[in-house]
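Listed below are the residues making up each chain.
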Amino acid sequence: MIDEIALLEAWRDTLALSALKAGEQVVVVTASDKPTRYKPVATLAARQLGAAVSDVEIADPNHLSASTLELLRAADLVIDLVFVHDPALHQVRAAAGTRVLLVLEPPEILVRLRPSEADKQRARDAEARLRRARTVRVSSAAGTDFSFAIGDYPVSSQYGYADEPGHWDHWPGTFVYTFANDDVGDGRVVIDRGDILFPFNQYAAEPITLEIADGWINSIAGGLHADMMRSHMASYGSRDVYALSHLGWGLSPNARWDMLGLHPAGAIEGQDGRAFAGNFLFSTGPNDIGGGTRSTPCHIDAPMRGCTVELDGVPVVIDGALVSGPALAAE
Ligand code: FE
């Protein structure tokens, strides 16, 4: 049980890291059908930092009304307690420089994974390495041997706070990613026993073998979870679901692989799983958030343990452990 003072402090620290200053305008976004306990504490923390706080209750996270968009355009920082998916939000960020911080995880996870400047440093360092690279190879003792070319899509990261104009982030979790170039990516990805499958929010019970050629998944073999994956993906009736989405690795030393085992299904978003240090975060489907043309809603995130990730032959993760770089050594 997290005490309310620790939660308030975590909120205040994270909003301060998000560069919230006295006199700035904050809008807290909630939805009537999505319960959240954070509206009072977010409001109090922002007010303690001197911000002016409004709130808006939206009806549909996929379609914001014109009046809501007007409010968000006038904000310096939007605290999203819903997970707004309307692309218009991102147009507002780009045009008006509005910062957006998404917060959904339970208090224990927010406090344990409260962000720090070291997280951003680690993310920026990983971004720089990934941006210089042209090929990524992922391998594992479980049988993964998969390579893809990059460079045509932007490199991005999340580090848990929204400090720069127009920046979107999700508290908590630090990871880096990009997208494979169109129609590239060859080899085998073995999602091993214990690797995580979102949105099923389950650990794979036995290995799932994906054969990939020219950036497309051609076969999915294994046991029950392979059957679930095949069935789920086929239900969308679209070829795009078999493409690759964001690909990268986790950078949060205090995120925990085992967290799915400690919370009931549906009680967490899975940021621990997506961010635990040294995972390879494999995912399928859309690449529109990177500027690509695929926008299928079928999206599977599969954080994998025990992988080695090499950028142009230089490892950044070895057997699931981050290779120390300058930013890590500075901690
Ligand atoms: Fe994802």
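So, how was this worked out
Residues numbered from 1 in each chain as written. Predicted model: local features only at pLDDT ≥ 70, side-chain atom pairs only at ≥ 80, totals over all residues. Heavy atoms only, no water. Helix = DSSP H or I, 4+ residues; strand = E, 2+ residues; numbered from the N terminus. Rg over C-alpha atoms; globule rule 2.2 N^0.38 Å. Buried < 20%, exposed > 50% of the residue type's maximum accessible area, 1.4 Å probe, protein only. Contact = heavy atoms within 4.5 Å. Areas by Shrake-Rupley, 256 points an atom, 1.4 Å probe, with all protein chains shown as cover. Lys, Arg positive; Asp, Glu negative; His and termini not counted. Charge placed at Lys NZ, Arg CZ, Asp CG, Glu CD. Donors = N, O, S within 2.8 Å, 3.2 Å for Na, K, Ca; no water. Tetrahedral: all angles 85-135°; square planar, octahedral: opposite > 155°, others 65-115°. Core = buried A, V, L, I, M, F, W, Y, C linked by side-chain atoms within 4.5 Å. Domains from an automatic or database assignment. Buried area = accessible area lost by both parts, 1.4 Å probe. Salt bridge = Lys/Arg side-chain N within 4 Å of Asp/Glu carboxyl O. 1 Å grid on protein atoms, 1.4 Å probe; cavity = no way out; pocket = protein on both sides within 12 Å on 5 of 7 lines; lining within 4 Å. Points joined across faces, edges and corners; volume = space filled by probe spheres on them. Nonpolar A, V, L, I, M, F, W, Y, C, P; charged D, E, K, R; others polar. Arc of directions from axis to C-beta. Pairing = 2+ DSSP bridges. Axes fitted to C-alpha atoms, helices over the stretch in contact; angles between N-to-C directions. Patch = residues over 30% accessible without salt bridge, like charges linked within 9 Å, V, L, I, M, F, W, Y side chains within 5 Å.

> Lay out the overall build of the chain in plain terms, naming residues and giving numbers.
Along the chain, the regular secondary structure elements total nine helices and 20 strands. Against the 2.2 N^0.38 benchmark of 20 Å for 331 residues, the chain shows a C-alpha radius of gyration of 20 Å, consistent with a compact globule. In terms of overall dimensions, the chain has a C-alpha envelope of 55 × 45 × 40 Å along the principal axes. Burial analysis of the chain (331 residues in total) assigns 54% to the buried set. Considering only contacts in the chain between residues 6 or more positions apart, those separated by 24 or more positions represent 69%. Just so you have it, the chain exposes about 13,700 Å², and 52% of that area is on carbon and sulfur atoms. A distance of 3 Å separates the average location of the 27 positive side-chain charges in the chain from that of its 43 negative side-chain charges.

> Residue-level account of the coordination of the iron ion, with values.
Around the iron ion, the protein contributes the donor atoms His 246 (NE2), His 299 (NE2), Asp 301 (OD) and Asp 301 (OD), at 2.1 to 2.5 Å from the metal centre. One can describe the donor arrangement at the iron ion as irregular, given that its four donor atoms subtend angles of 53 to 125 degrees at the metal. Sequence spacing among the residues donating to the iron ion works out to H-x52-H-x1-D. Residue His 246 is located in the loop between helix 7 (224-234) and strand 15 (247-250), and its partner His 299 is located in the loop between strand 16 (280-284) and strand 17 (300-304); the two are separated by 53 residues in the primary sequence.

> So, the nonpolar core: which residues are in play, and what are the values?
If you look at the biggest cluster of nonpolar residues, it comprises 40 residues, and the most contacted ones within it are Ile 191, Leu 210, Met 229, Trp 249 and Phe 282. Apart from residues lying up to four places away in sequence, Met 229 is in contact with Ile 191, Leu 197, Phe 200, Ile 208, Leu 210, Ile 220 and Ile 300. Membership of the second largest hydrophobic core comes to 23 residues, among which are Leu 7, Val 26, Val 28 and Leu 77.

> Describe the domain arrangement of the chain, with residues and values.
Examined at the domain level, the chain breaks down into domain 1 (4-104) and domain 2 (117-328). Between domain 1 and domain 2, the C-alpha centre-to-centre distance is 27 Å. Facing 19 residues of domain 1, the contacting portion of domain 2 comprises 14 residues. When domain 1 packs against domain 2, close to 1,400 Å² is buried across both sides, 65% of that on carbon and sulfur atoms. Put simply, domain 1 and domain 2 have zero salt bridges between them.

> Give me the lowdown on empty space enclosed by the protein, citing residues and values where you can.
Enumeration over the complete set of coordinates arrives at five cavities of 30 Å³ or more. Size it by volume and the largest cavity reaches roughly 90 Å³. Forming the boundary of the largest cavity are 14 residues, of which Ala 180, Asn 181, Asp 183, Leu 244 and Arg 294 lie nearest the centre. Split into classes, the residues belonging to the lining of the largest cavity amount to six nonpolar, four polar and four charged.

> Can you explain helix 7? Please cite residues and give values.
When we look at burial in helix 7, the residues that qualify are His 225, Ala 226, Met 229, His 232 and Met 233. All buried residues of helix 7 fall inside an arc of 130 degrees around its axis, so they share one side. Exposed and oriented more than 90 degrees from the buried face of helix 7 are Leu 224 and Ser 231.

> Could you give an account of the sheet that holds strand 15, with specific residues and numbers?
Taken in spatial order, the five strands of this open sheet run 7-9-15-16-17, and their pairing is antiparallel. The open sheet has two free edges, formed respectively by strand 7 (156-158) and strand 17, since each of these has just one partner strand. Put simply, the sheet's adjacent strands are angled 20 degrees from each other on average, direction ignored. Across three bridges, strand 7 lies against strand 9 (residues 175-178) in antiparallel orientation. From the neighbouring strand, Gln 158 faces strand 9, where its bridge partner is Phe 175.

> Any details on a negative patch on the surface? Residues and values, ideally.
Negative charge collects at one region of the surface, where Asp 152, Asp 182, Asp 183, Asp 186 and Asp 214 lie side by side. Looking at the element boundaries, Asp 186 is found in strand 10 (residues 186-191).

> Any chance you could break down the environment of Ala 180 for me, citing the residues and the numbers?
Looking at where Ala 180 falls in the secondary structure, it is placed in the loop between strand 9 and strand 10. On the basis of relative accessibility, which here comes to 9%, the residue Ala 180 falls in the buried class. Each C-alpha atom of the pair Ala 180 and Val 78 lies 31 Å from the other, and the pair is 102 residues apart in sequence. What Ala 180 contacts, discounting residues up to four positions off in sequence, is Phe 148, Ala 149, Ile 150, Tyr 153, Leu 244 and Leu 247.

> Could you give an account of the pairing of strand 5 (residues 135-140), with specific residues and numbers?
Summarising the sheet, strand 5 and strand 6 (residues 145-149) pair through five bridges and their orientation is antiparallel. Within strand 6, the residue paired with Thr 135 across the bridge is Ala 149. A loop of four residues connects strand 5 with strand 6, the two strands running antiparallel in sequence, and Gly 143 in this loop sits at a positive phi of about 120 degrees. Judged from the five bridges that link them, strand 5 and strand 18 (residues 307-311) form a sheet pairing that is antiparallel. The residue of strand 18 that forms the bridge with Val 136 is Leu 311.

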